[in-house]
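Chain by chain, the residues:
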Amino acid sequence: MLAFIKKYILSYRLMPALVLLCLLAGISALASAEILPVNYTVGNRELPIYSVDTTENKIALSFDAAWGNEDTATILSILEKHNVHVTFFMTGGWVESYPEDVKAIASAGHDLGNHSENHKEMSKLTNSEIEEELMSVHNKVKELTGKEMFLFRPPYGDYDNDLIKTASSLNYYTIQWSVDSLDWKNYGIDSIIKTVCEHKNLGNGAIILCHNGAKYTAQALDTMLTRLKEAGYEIVPISELIYKENFHMDHTGKQIHD
């Protein structure tokens, strides 16, 4: 009986230490999990998000806004008609020139995305210049709308490792595309519709690139949305398509959830 009591007392004294060790182990595990919640690295390259690995029939439509606003109201009207929300990537110059359009895009519930201040080739810039290009637009949009942007598309699709890392350090997800509408080539309405709706990369998790200032985009949009819906796709903004944490990339730039 005495031996049992001694054993009990010893165990009781050890309990606080054991509890402390368990807590420390749990904290350490959490810290380790938070160090790399995202991973853009494939081999020796940092990749942006071109598409998303998902079993859901969801795709994202995006518009780059770097010049002109003649069709912006029409595009917003068509999107509202289809009850579709998309992502607009805007340059600093566009934001300055068309602040009411920026507010209208935000009010309609679309994503506001960063397309850099001056539409430069970002791989040729220093890290401090990259930061300035991103944060200049970021602050303009925040002042206009109160929204903190976190989606970034490099002009010309031009990027390198430093760009991805710098954008990530500023809490930005770098976004490319897997389906290019080629609307910027001005081939015509039917060309845009066919290029998008019959594209080899169109599938679950695809990201479609369009431009709000291209000549035929607004005219092609209504039919394009109708055909995409008829094909069974739900069109969502990029913010709803991508994974925000715990992901890695494959060699094609597809984002895969861990």
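So, here's what we can say about the structure.

About the criteria used
Residues numbered from 1 in each chain as written. Predicted model: local features only at pLDDT ≥ 70, side-chain atom pairs only at ≥ 80, totals over all residues. Heavy atoms only, no water. Salt bridge = Lys/Arg side-chain N within 4 Å of Asp/Glu carboxyl O. Helix = DSSP H or I, 4+ residues; strand = E, 2+ residues; numbered from the N terminus. Buried < 20%, exposed > 50% of the residue type's maximum accessible area, 1.4 Å probe, protein only. Axes fitted to C-alpha atoms, helices over the stretch in contact; angles between N-to-C directions. Parallel < 35°, antiparallel > 145°, perpendicular 65-115°, else oblique. Contact = heavy atoms within 4.5 Å. Nonpolar A, V, L, I, M, F, W, Y, C, P; charged D, E, K, R; others polar. Phe/Tyr/Trp six-rings, centres within 6.5 Å; stacked < 30°, edge-to-face > 60°. Pairing = 2+ DSSP bridges.

Now for the pattern of salt bridges. Summed over the entire model, instances satisfying the criterion amount to nine salt bridges. In this structure, Lys 81 and Asp 222 form a salt bridge, with 3.0 Å as the shortest nitrogen-oxygen distance. With a gap of 141 residues between them, Lys 81 in helix H2 (residues 72–81) and Asp 222 in helix H8 (residues 217–230) connect regions that are remote in the sequence. Overall, the relative accessible area of 58% leaves Lys 81 in the exposed class.

This next bit is on the packing of H2 against H8. For the pair H2 and H8, the least separation of the axes is 9 Å and the interaxial angle reads 10 degrees. It follows that H2 is roughly parallel to H8 by the angle criterion. Contacts between H2 and H8 involve Thr 74, Ile 75, Ile 78, Leu 79 and Lys 81 on the former and, on the latter, Ala 218, Leu 221, Asp 222 and Leu 225. Per-class residue counts for the contact of H2 with H8 are six nonpolar, one polar and two charged.

Okay, the packing of aromatic side chains next. For the structure on display, the rule yields five aromatic pairs. The interplanar angle of 40 degrees and the centroid separation of 6.5 Å between the aromatic rings of Tyr 173 and Phe 247 together place this pair among those described as tilted. Residue Tyr 173 is located in strand S9 (residues 173–174), and its partner Phe 247 is located in strand S13 (residues 247–249); the two are separated by 74 residues in the primary sequence. Judged by its relative accessible area of 13%, Tyr 173 is buried. These aromatic residues form a ring-pair network of at least three members: Tyr 40, Phe 150, Tyr 173 and Phe 247.

Backbone geometry places Ser 116, a non-glycine residue, at a positive phi of 80 degrees. The topology assignment puts Ser 116 in the loop between strand S7 (111–114) and helix H5 (127–145). The backbone of Asn 246 sits at a positive phi, close to 55 degrees, despite the residue not being glycine. Within the secondary structure, Asn 246 is located in the loop between helix H9 (238–241) and S13. The exposure class assigned to Asn 246 is partly exposed, which follows from its relative accessible area of 34%.

Let us look at the sheet that holds S13. Read across the open sheet, the four strands follow the order S1-S13-S14-S4; overall the sheet is mixed. The open sheet is flanked by strand S1 (38–39) and strand S4 (51–52), the only strands paired with a single partner. Pairing analysis gives two bridges linking S1 to S13, with the strands arranged parallel. Along S13, the bridge assignment pairs Val 38 with Phe 247.

Looking at the element boundaries, Ile 193 is found in helix H7 (residues 189–197). In this structure Ile 193 touches Ala 220, Thr 223, Met 224 and Arg 227, once residues within four positions along its chain are discounted.

Scope: geometric values only; no functional claims are made or implied.
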